Amino acid sequence: MDRKFNKANLEKLVSDGLIGNKIHFFDEIDSTNNHAVSLAVDGAGEGEVVIADCQTAGRGRLRNRIWHSPPGRNLYTSIILRPDIQPAFAQGLTLVAGVAVAELLSGYCPVALKWPNDILAGGRKISGILTEMRIKGQNLDFVVVGIGINVNMESTDFHEEICDISTSLKGQTSNSISRLGLTVDLYRLLEKWYRLFIDEGFVPVRDRWMEYSDMIGKTIEVTGTDVVQRGRCRGIDSKGALLLIDEENRTRRVLSGDVSVTENR
Ligand code: BTN
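Residues numbered from 1 in each chain as written. Predicted model: local features only at pLDDT ≥ 70, side-chain atom pairs only at ≥ 80, totals over all residues. Heavy atoms only, no water.

Undergrad: Account for the overall build of the chain, naming residues and giving values.
TA: Regarding its fold elements, the chain presents six helices and 12 strands. Oriented by its inertia axes, the alpha-carbon framework of the chain measures out at about 60 × 45 × 30 Å. Out of the 265 residues in the chain, the part that is buried amounts to 52%. When the accessible surface of the chain is summed, it comes to about 12600 Å², and 46% of that surface belongs to carbon and sulfur atoms. Of note, the chain has its 32 positive side-chain charges centred 2 Å away from the centre of its 35 negative side-chain charges. (Helix = DSSP H or I, 4+ residues; strand = E, 2+ residues; numbered from the N terminus. Buried < 20%, exposed > 50% of the residue type's maximum accessible area, 1.4 Å probe, protein only. Areas by Shrake-Rupley, 256 points an atom, 1.4 Å probe, with all protein chains shown as cover. Lys, Arg positive; Asp, Glu negative; His and termini not counted. Charge placed at Lys NZ, Arg CZ, Asp CG, Glu CD.)

This is the structure:
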C-alpha cells in the first residue's frame, strides 16, 4: 500500500471542502457503499465520505456482480449526499459522478462514458459507479454515490473472467499513480459538478456527459432484466434517461439496462 494513502494525509488535503468534510477511512471493509448507507440512515451529513484500502464484498451495479477490490491498488469510496431535489432526479447523480470521474481520468489518458455508470479507457472498463438512495415519504432522504477506480492494477491482478474487459490507469499509462492525489482531485471535481447540478440543474452535466460519450449516433442494444431494446442512441434527457430512436423513428426513454454497440453508425 502506498504509505501516503491514509486518513491523516487525506484530511489535511480535503477537509476544507464539502466532499470529504468528514472521512471514514478503513484498511478493510465489506463495502464502502454498505457502510455509507448505514451512516446516512444514522444521520451522517452531506459530504461525509467512506474510503477503504480494500473491500471484501465490493458491489457492482448489475445482478449482484462483485467489484474486485484488492488492497494497495485502487480507489474505493462512497459519498453521502442530501440534495434538495425530487427523487426522480436523483439518478442524475450517477451521471454527475461520471462526468467528474471522466474529467479526472482524462488528465491521464483518453476516456469515454458508457451509460449509465461505466467509464472506459481503451475500450475497457476503468471505473464504475454505484448510486443508491433512500426516500422518506415523498422526499429524497439521501443518496450514496459509490465510485471504484482501477488505479495501479496490473493486468495479472484482474480475475480471469474480467481481465479481457478491464483496465487501470497504470495499464493505460505504464505509470504508478498516487491514490492520495487522485482521491483529492476526485473529491474536488465531484464537488464542482455537484454544485453546478444543484445551482444550474442537469443541462450543463448532460452537455459535458455527451461530450465524453462515444455512443451518440451509433446503433445500440440495451439489455434489461426481461427485454432487449435496439435503436440509434440520441443521447440522454434532462433526467439522465437514455434516448433511443427505434425503427419507426420514435424516441424511447430507457431507465436501466446494459448497453452494447451493435453498429458504429
Ligand atoms: C459497476 O460498475 O457495476 C459499479 C461498481 C461500483 C464499485 C464501487 S467501489 C466503492 C463502492 N462500494 C461498493 O461496494 N461499490 C462501489
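Undergrad: Describe in detail the packing of aromatic side chains, supporting the description with residues and values.
TA: Pairs of aromatic rings are described using the distance from one ring centre to the other and the angle between the two planes. Evaluation of the coordinates by the stated rule reveals two aromatic pairs. Seen in terms of ring centroids, Phe 197 and Phe 202 are 6.2 Å apart; in terms of plane orientation they differ by 85°. Their pairing is edge-to-face. Neither residue differs from the other here; Phe 197 and Phe 202 are each classed as buried. Between Lys 239 and the ring centre of Phe 89, over which it is positioned, the NZ or CZ distance is 5.3 Å. (Phe/Tyr/Trp six-rings, centres within 6.5 Å; stacked < 30°, edge-to-face > 60°. Lys NZ or Arg CZ within 6 Å of the ring centre and 35° of its normal.)

Undergrad: Got a sec to walk through the sheet that holds strand β6 (residues 124–136)? Specific residues and values, please.
TA: Within the open sheet, the seven strands sit side by side as β1-β2-β3-β7-β6-β5-β4. Their pairing is mixed. Strand pairing shows two members of the sheet lacking a second neighbour, β1 (23–29) and β4 (112–114), which therefore form its edges. Averaged over all pairs of adjacent strands, the angle between their axes in this sheet comes to 20°, without regard to strand direction. Of the pairings in the sheet, the one linking strand β5 (residues 118–121) to β6 comprises four bridges and is antiparallel in character. Residue pairing in the sheet places Leu 120 in a bridge with Lys 125 of β6. Sitting on the sheet, helix α5 (residues 179–200) is in contact with β2 (49–55), β3 (75–81) and β7 (139–149), with an inclination near 30° to β3. (Pairing = 2+ DSSP bridges. Axes fitted to C-alpha atoms, helices over the stretch in contact; angles between N-to-C directions. Contact = heavy atoms within 4.5 Å.)

Undergrad: Any details on the domain arrangement of the chain? Residues and values, ideally.
TA: Along its sequence, the chain is organised into domain 1 (7–212) and domain 2 (219–263). The C-alpha centroid of domain 2 is placed 24 Å from the C-alpha centroid of domain 1. At the junction of the two partners, domain 1 supplies 15 residues and domain 2 supplies 15 residues. Ionic pairing is found between Arg 65 and Asp 258, a salt bridge with its closest N-O pair at 3.9 Å. For the pair domain 1 and domain 2, the number of links is three residue pairs in polar contact (both at pLDDT 80 or more). (Domains from an automatic or database assignment. Salt bridge = Lys/Arg side-chain N within 4 Å of Asp/Glu carboxyl O. Polar contact = N/O pair within 3.5 Å; in protein donor to acceptor, adjacent residues only side chain to side chain.)

Undergrad: Before we move on, can you summarise the nonpolar core with the specific residues and values?
TA: The tendency in soluble globular proteins is for nonpolar side chains to be buried side by side. Of all hydrophobic cores here, the largest spans 62 residues; its most connected members are Leu 10, Leu 105, Ile 147, Ile 149, Tyr 187 and Leu 242. Residues from two domains meet in this core; each of domain 1 (7–212) and domain 2 (219–263) gives at least three. Counting residues in hydrophobic clusters, the runner-up holds 11 residues, among them Ile 29, Ala 44, Val 50 and Ile 80. (Core = buried A, V, L, I, M, F, W, Y, C linked by side-chain atoms within 4.5 Å.)

Undergrad: Tell me about α5, and please be specific about residues and values.
TA: Three or four residues apart is the spacing at which side chains of an α-helix point the same way, because the helix has 3.6 residues per turn. An ideal rise of 1.5 Å per residue puts 32 Å on 22 residues; α5 measures up with 31 Å between its terminal C-alpha atoms. The N-capping residue of α5, defined by a side-chain oxygen 3.3 Å from the backbone nitrogen of Leu 180, is Ser 178. Count one or two residues on from α5 and you reach Gly 201, which has phi positive near 90°. (Expected span 1.5 Å × (residues − 1).)

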